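Chain by chain, the residues:
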Amino acid sequence: MKVARFHAPGDIRIEDAPEPVAGPGELKIRVRNCSTCGTDAKILKFGHHHIRPPRVMGHEIAGEVVDTGERVQVIAAIPCGACPECLRGRLTVCPNQESMGYHYDGGFAEYMVIPAKVLAVNGVNAIPPGVGYAEASVAEPLACVLNGQSLARVGAGDDVVVMGAGPIGCLHVRLARARGAARVFLVDVNPQRLAMAAELVRPDAAIDSDPVEQVLKLTGGRGADVVITAAASGAAQEQAVRMAARQGRISFFGGLPKDDPLVTIDSNLVHYRELTIVGANGSSPAHNAEALRLVASGDVVVSDLITHRLPLPRVLDGIDLVSRGAAIKVTIEP
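The structure reproduced in this document is the subject of the present report. These numbers were taken from a predicted model, which means no experiment stands behind them. (Residues numbered from 1 in each chain as written. Predicted model: local features only at pLDDT ≥ 70, side-chain atom pairs only at ≥ 80, totals over all residues. Heavy atoms only, no water.)

Moving on, we get to the layout of surface pockets. Put simply, the second largest pocket is a space of about 160 Å³. For the lining of the second largest pocket, the element with the highest residue contribution is strand β9 (residues 111–114), accounting for three residues. The residue makeup of the lining of the second largest pocket, split by class, is eleven nonpolar, one polar and two charged. (1 Å grid on protein atoms, 1.4 Å probe; cavity = no way out; pocket = protein on both sides within 12 Å on 5 of 7 lines; lining within 4 Å. Points joined across faces, edges and corners; volume = space filled by probe spheres on them. Helix = DSSP H or I, 4+ residues; strand = E, 2+ residues; numbered from the N terminus. Nonpolar A, V, L, I, M, F, W, Y, C, P; charged D, E, K, R; others polar.)

Here it is as structure tokens:
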């Protein structure tokens, strides 16, 4: 079979590999779709400390079980299920978390084996009728978005700002509307990417410059109830604090580069406006299941966000499209 393997930064190869064999408690699937994301682009450029090459990449996975033909979606982040955090229900911050495509071979392959520990935490979800494999693969990033918005308590009547118009930003816009937000504003410094995203998700305003000033103007000086930084940008995090309304919630959704993780914020704004700043780190198996339900119900439409469908030999083209911001969602069809 064909696979896309990471060997070193700048070195992902399309290679032939033996078809894997499932061991006790494992599950073999025929991969039908594995979508790409910004993390894949970062791995290509810099590698990742959890990846010991060679490793088959790909963590947004949907396919069919070889033995039964059941259509399934697979979690990316694998909690251990047994540590103090997991036992408290905090699976997204499991210190023993592993990941598909990092610790285990992922979905940029024709076939793959799902480890027993994924099944042990209910990490394989049946794809509902009417949901395609490509749409099901997008349930994984949507699950991360769901976790972030739950922590930030996005709800009815909120004015929400989403900073970053990539695929995650688009999913944030769609989910905020599904959760009853009154207005959703989309911000990006790249006018072309912002225009492409805004054409699809139709925010109440698309902002490509002076975001603090523009948000305050749009809200009559009040600010936004929720600000989500769906970009790896320290400047966005600093701006988020300045544009939040009193008792506003700020989600630092996008992580910052490890060599530049510090920001400067006005602590008095946090103090006097009673702001809440929350992080968001991945998703739990339950978030994945809920994301599939949201897609199946039509509450969060994802099909039109998939702008490119490419065969496995073109996975590098797909990652390049993501890197340049020339696509919303790219899915690979092995």
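Moving on to the packing of aromatic side chains. Two aromatic rings, taken as a pair, are described by how far apart their centres are and by the angle between their planes. On inspection of all chains with the given rule, the structure shows zero aromatic pairs. Sitting over the face of the ring of Tyr111, Lys28 holds its NZ or CZ atom 5.1 Å from the ring centroid. A cation sits over an aromatic face here: Arg30 above Tyr111, 5.4 Å from the ring centre. (Phe/Tyr/Trp six-rings, centres within 6.5 Å; stacked < 30°, edge-to-face > 60°. Lys NZ or Arg CZ within 6 Å of the ring centre and 35° of its normal.)

Where helix α5 (residues 139–151) contacts helix α6 (residues 167–178), the two axes come as close as 10 Å, and the packing angle between them is 55°. Put simply, α5 runs oblique to α6. α6 is crossed by α5, and the crossing has right-handed handedness. Contacts from Pro141, Leu142, Val145, Leu146 and Gln149 of α5 reach α6 at Ile168, Leu171, His172, Leu175 and Ala176. Partitioning the contact of α5 with α6 into residue classes produces eight nonpolar, two polar and no charged. (Axes fitted to C-alpha atoms, helices over the stretch in contact; angles between N-to-C directions. Parallel < 35°, antiparallel > 145°, perpendicular 65-115°, else oblique. Left-handed = near helix turned anticlockwise from the far one by under 90°. Contact = heavy atoms within 4.5 Å.)

What follows concerns the pattern of salt bridges. Under the counting rule described, the total for this entry stands at 22 salt bridges. As a salt-bridge pair, Glu199 and Arg202 come within 3.2 Å of each other at their nearest N and O atoms. Assessed through its relative accessible area of 51%, Glu199 is described here as exposed. Connected through salt bridges with shared partners, the residues Arg5, Asp11, Arg13 and Glu15 form a single ionic network. (Salt bridge = Lys/Arg side-chain N within 4 Å of Asp/Glu carboxyl O. Buried < 20%, exposed > 50% of the residue type's maximum accessible area, 1.4 Å probe, protein only.)

Before going further, it helps to spend a moment on helix α7 (residues 191–201). Among all positions of α7, only Leu194, Ala197, Ala198 and Val201 are buried. Buried residues in α7, looked at end-on, bunch into an arc of 100°, giving them a common side. Away from its buried face by more than 90 degrees, α7 exposes Gln192 and Glu199. Each element contacted by the buried residues of α7 is listed here: α6, β12 (183–187) and β13 (205–207). (Arc of directions from axis to C-beta.)

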